[in-house]
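Inside the fold
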Amino acid sequence: MIPTMILFGLVFGRWWWLALAAAAVGWPALLVMAGGMPVGVGLLAASGFAVADTAVGVLVHQGVLWAIRKLRRSRGTRSGV
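All of the points below concern the structure found in this document. (Residues numbered from 1 in each chain as written. Predicted model: local features only at pLDDT ≥ 70, side-chain atom pairs only at ≥ 80, totals over all residues. Heavy atoms only, no water.)

1. Comments concerning the environment of D53
Its place among the elements puts D53 in helix α3 (residues 42–79). On the basis of relative accessibility, which here comes to 12%, the residue D53 falls in the buried class. Sequence separation between D53 and W15 is 38 residues, and the spatial gap between their C-alpha atoms is 15 Å. Setting aside anything within four residues of it in sequence, one finds D53 in contact with M1, I2, M5 and I6. (Helix = DSSP H or I, 4+ residues; strand = E, 2+ residues; numbered from the N terminus. Buried < 20%, exposed > 50% of the residue type's maximum accessible area, 1.4 Å probe, protein only. Contact = heavy atoms within 4.5 Å.)

As structure tokens, this is what we get:
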């Protein structure tokens, strides 16, 4: 579960709000449909863990985007001199 949701966050980290919402709803739904977990209070915990794991991937994705933008800006100002 953890690597799957981190990868999900990495891939869809550009649309972080959609990725977190999909993790909160999609992972528990997948667990119930696959028969891995009955409907109950445990699904709330599963949803929380799915969002937390996805958030890690999203943060890495957003961090890479931030670093690339910063690098492009610094290169752009140097080439203009």
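Once the structure has been displayed, the description carries forward.
2. Structural notes on the environment of F8
In this structure, F8 sits in helix α1 (residues 2–11). C-alpha separation for the pair F8 and A19, spaced eleven residues apart in sequence, amounts to 7.5 Å. Excluding residues within four positions of it along the chain, F8 makes contact with A19, A22, A23 and T54.

3. Focus on the packing of aromatic side chains
Using the criterion set out here, one finds two aromatic pairs in the structure. A centroid spacing of 5.0 Å and a plane angle of 50° characterise the contact between F8 and F12, whose relative ring orientation is tilted. Residue F8 is classed as partly exposed on the basis of its relative accessible area, which comes to 26%. (Phe/Tyr/Trp six-rings, centres within 6.5 Å; stacked < 30°, edge-to-face > 60°.)

4. Quick word on a positive patch on the surface
A cluster of basic residues, R14, R69, K70, R72 and R73, forms a positive patch on the protein surface. As for its position among the elements, R73 is in helix α3. Here R73 falls in the exposed class, since its relative accessible area comes to 55%. (Patch = residues over 30% accessible without salt bridge, like charges linked within 9 Å, V, L, I, M, F, W, Y side chains within 5 Å. Areas by Shrake-Rupley, 256 points an atom, 1.4 Å probe, with all protein chains shown as cover. Salt bridge = Lys/Arg side-chain N within 4 Å of Asp/Glu carboxyl O. Lys, Arg positive; Asp, Glu negative; His and termini not counted. Charge placed at Lys NZ, Arg CZ, Asp CG, Glu CD.)

5. Quick notes on helix α2 (residues 16–34)
With 19 residues, α2 should reach 27 Å at 1.5 Å per residue; the first-to-last C-alpha distance of 26 Å fits that figure. The sharpest bend along α2 measures roughly 30° and falls at A23. Those residues of α2 not exposed but buried are A19, A23, W27, P28 and L31. At the C-terminal side of α2, G35 shows a positive phi close to 80°. (Expected span 1.5 Å × (residues − 1). Bend = angle between axes of the 7 residues up to and from the residue.)

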